[in-house]
Amino acid sequence: MQDFDELHPDTLAIRAGTLRTEFGEHSDAMYLTSSFCVGSAEEASLKFTNQIPGHIYSRFTNPTVEAFETRLAALEGAERAVATASGMSAILALGMAHLKAGDHVVASNGLFGATIQMFNTYFTRFGVEVSYAAPTDPAAWATAVRPNTKLFFLETPSNPLTEVADIAAIAEVAHANGALLAVDNCFCTPILQQPLKLGADFVVHSATKYLDGQGRVLGGAVVGSKALLEPVYLFLRTAGPSLSPFNAWVLLKGMETLPIRMRAHCDNALKLAQWLQEQGQVERVFYPGLSSHPQHALAARQQKGGGGIVSFEVKGGREAAWRVVDAVQLISRTANLGDVRSTITHPASTTHGRITPEARAAAGIREGLIRISVGLEDIDDLIADLQRGLN
Ligand SMILES: *Cc1c(COP(=O)(O)O)cnc(C)c1O
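We now turn to the structure provided with this report.

So, how was this worked out
Residues numbered from 1 in each chain as written. Predicted model: local features only at pLDDT ≥ 70, side-chain atom pairs only at ≥ 80, totals over all residues. Heavy atoms only, no water. Near = heavy atom within 4 Å. Polar contact = N/O pair within 3.5 Å; in protein donor to acceptor, adjacent residues only side chain to side chain. Areas by Shrake-Rupley, 256 points an atom, 1.4 Å probe, with all protein chains shown as cover. Nonpolar A, V, L, I, M, F, W, Y, C, P; charged D, E, K, R; others polar. 1 Å grid on protein atoms, 1.4 Å probe; cavity = no way out; pocket = protein on both sides within 12 Å on 5 of 7 lines; lining within 4 Å. Points joined across faces, edges and corners; volume = space filled by probe spheres on them. Helix = DSSP H or I, 4+ residues; strand = E, 2+ residues; numbered from the N terminus. Domains from an automatic or database assignment. Expected span 1.5 Å × (residues − 1). Contact = heavy atoms within 4.5 Å. Phe/Tyr/Trp six-rings, centres within 6.5 Å; stacked < 30°, edge-to-face > 60°. Buried < 20%, exposed > 50% of the residue type's maximum accessible area, 1.4 Å probe, protein only. Core = buried A, V, L, I, M, F, W, Y, C linked by side-chain atoms within 4.5 Å. Pairing = 2+ DSSP bridges. Axes fitted to C-alpha atoms, helices over the stretch in contact; angles between N-to-C directions.

In the vicinity of the ligand, the contacting residues are Ser-86, Gly-87, Met-88, Phe-112, Glu-155, Asp-184, Cys-186, Phe-187, Ser-206, Thr-208, Lys-209 and Gly-219. Backbone polar atom of Met-88 to an oxygen atom of the ligand: 2.9 Å apart, as the coordinates give it. For the ligand, an oxygen atom lies 2.7 Å from a polar atom in the side chain of Lys-209. Starting from 380 Å² of accessible surface for the ligand in isolation, the protein chains cover 92%. The residue inventory of the shell around the ligand, partitioned by class, reads four nonpolar, five polar and three charged.

So, in structure tokens, the structure goes:
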């Protein structure tokens, strides 16, 4: 295999980590096995004590899972990726490996709901303090720093309002204060954005979304340098939220089409956002690819496209928003995202339904807000489907 540095993302997505047995199969081999046999007692001893490399047990390593890790690391321009059973277990593994009682985390206030739960309900129970800062204001992150701050954690663009955080500026604040920066790159994928190249120390992924892209399996990963990833691997090997080899194989197939899918998602999403902007019943459209987006210039610099998530506010509050959600016949009513099938959700009553109305208002989630994960159906069919409820 050639040096990955010489190859382009479209090639890496298909070729990096390719796994073949002696049979020379063209597609990747799948190793559905929980454990591996050794030739002798001595070989077992050498493998268990890490004196020779080799697979022992699939909670530790598995060839198909390693192929997925190699491909994702190549795409992110990273030394190493460690695969996990889901996006949430990637965030858990990162925290368990790099935080201890008495540490402080600064997190973006535009995070995925379960990530906030993880920080507020579980990490705090083990003595980790968490405070929040606006993703669009690097100075607020500097203000939030305490002497015990160890980790910054952000998502960009944010969900559902698509606020864009300046990764390089926030990385600088983190490093000036002796903290590490983790970026959840689920929305952009490495095809549109490579946070490590902008100064982030970790990337976390929910592979469940665009990396699979077809809504089939759960998966996740933590990506970064060998040194920072070793404790993450050791936690995983001990605690066990490891990626199944079957899911790794499905994700390898998904990633082969990731570059062309991401470009197609961006094209469709931009067209939909532009159309929505012209509708009289639509109050506001949130999409980083629109020149009306407050961080459009930053997004244009930091991302290779606006991504596949478009949110918009309709006039008439919850009643009008629910009418749009209920009227669709093609778009799936589900909170999932990153699929070839478009999905629609009303954040105020679903993903953000359990927080208080005051907290919702503070987060900018209004009653008229609708989020679309724009899939790869024909744009005219998507427009016609939304037109039904807007009329
Ligand atoms: C879905 C999601 C997660 C969690 O991933 P799972 O694979 O569902 O555990 C984390 N972050 C973001 C931004 C997500 O959209």
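From this point, things continue past the structure.
Quick look at the layout of surface pockets now. By volume, the largest pocket is sized at about 740 Å³. Every residue lining the largest pocket is counted, 31 residues in all, and those nearest its centre are Leu-111, Gly-113, Ile-116, His-352 and Ile-355. Among the elements of the structure, helix 5 (113–123) and helix 14 (357–362) are those that each provide at least two residues to the lining of the largest pocket. Looking at which element gives the most residues to the lining of the largest pocket, the answer is helix 5, with five residues. The residue inventory of the lining of the largest pocket, partitioned by class, reads 15 nonpolar, 12 polar and four charged. Built from parts of two domains, the lining of the largest pocket gets at least three residues from each of domain 1 (9–255) and domain 2 (258–390).

Next up on the list: helix 9 (residues 226–239). In this model helix 9 runs 20 Å from its N-terminal to its C-terminal C-alpha over 14 residues, within 8% of the 20 Å that 1.5 Å per residue would give. In this structure, the buried residues of helix 9 make contact with strand 1 (80–84), helix 4 (87–98), strand 5 (180–184), strand 6 (202–206) and strand 7 (220–224). Backbone geometry just after helix 9 places Gly-240 at a positive phi near 95°.

A full pass over the atoms with the stated rule returns four aromatic pairs. When the ring of Tyr-57 is compared with that of Phe-60, the centres are 5.8 Å apart and the planes differ by 80°; the resulting orientation is edge-to-face. Overall, the relative accessible area of 17% leaves Phe-60 in the buried class. On the numbers, 5.3 Å between centres and 85° between planes, the contact of Phe-119 with Phe-153 is edge-to-face.

Let's shift gears to the nonpolar core. In this structure, Phe-68, Leu-272, Leu-276, Phe-312, Ile-344 and Leu-386 are the most contacted members of the largest nonpolar core, which totals 66 residues. Examining the composition of this core, we find that eight residues originate from one element, helix 11 (residues 258–277), more than from any other. Here this core gathers at least three residues from each of two domains, domain 1 (9–255) and domain 2 (258–390). Beyond its immediate stretch of four places on either side in the chain, Leu-386 contacts Leu-272, Trp-275, Val-324, Val-328, Ile-331, Ile-344 and Ile-372.

Attention shifts here to the sheet that holds strand 5. Strand order in the open sheet formed by seven strands is 1-7-6-5-4-2-3, and the pairing between neighbours is mixed. Here the strands that pair on one side only, and so sit at the sheet edges, are strand 1 and strand 3 (129–133). In this sheet, adjacent strand axes meet at a mean angle of 20° when their direction is disregarded. Together, strand 1, strand 6 and strand 7 form the strand contacts of helix 3 (residues 63–76), whose direction differs from that of strand 1 by roughly 130°. Sheet contacts for helix 4: strand 1, strand 4 (149–155), strand 5, strand 6 and strand 7; angle to strand 6, the most-contacted strand, approximately 150°.

Time to look at unusual backbone geometry. The linkage connecting Thr-156 with the following residue, Pro-157, adopts the cis geometry, with an omega of -5°. Looking along the chain, the bond that leaves Asn-159 and enters Pro-160 is cis, with omega of 0°. Despite not being glycine, Asn-50 has its phi angle at roughly 60°, a positive value. Relative to the helices and strands, Asn-50 resides in the loop between helix 2 (41–48) and helix 3. Residue class for Asn-50 comes out exposed when judged on its relative accessible area of 61%. Residues other than glycine seldom take positive phi values, yet Thr-162 does so here, at roughly 55°. Here Thr-162 shows up in the loop between strand 4 and helix 7 (167–176). The exposure class of Thr-162 is buried, given its relative accessible area of 1%.

All right, on to empty space enclosed by the protein then. According to the stated counting rule, one finds one cavity of 30 Å³ or more in the structure shown. Its boundaries defined by the atoms lining it, the largest cavity holds a volume of some 30 Å³. Taken together, Pro-157, Thr-162, Phe-187, Pro-288, Gly-306, Gly-307, Gly-308 and Ile-309 make up the full set of residues lining the largest cavity. A per-class count over the lining of the largest cavity returns four nonpolar, four polar and no charged. Among the domains, domain 1 (9–255) and domain 2 (258–390) are the pair contributing at least three residues each to the lining of the largest cavity.

Function-wise, these values are silent; they only describe arrangement.
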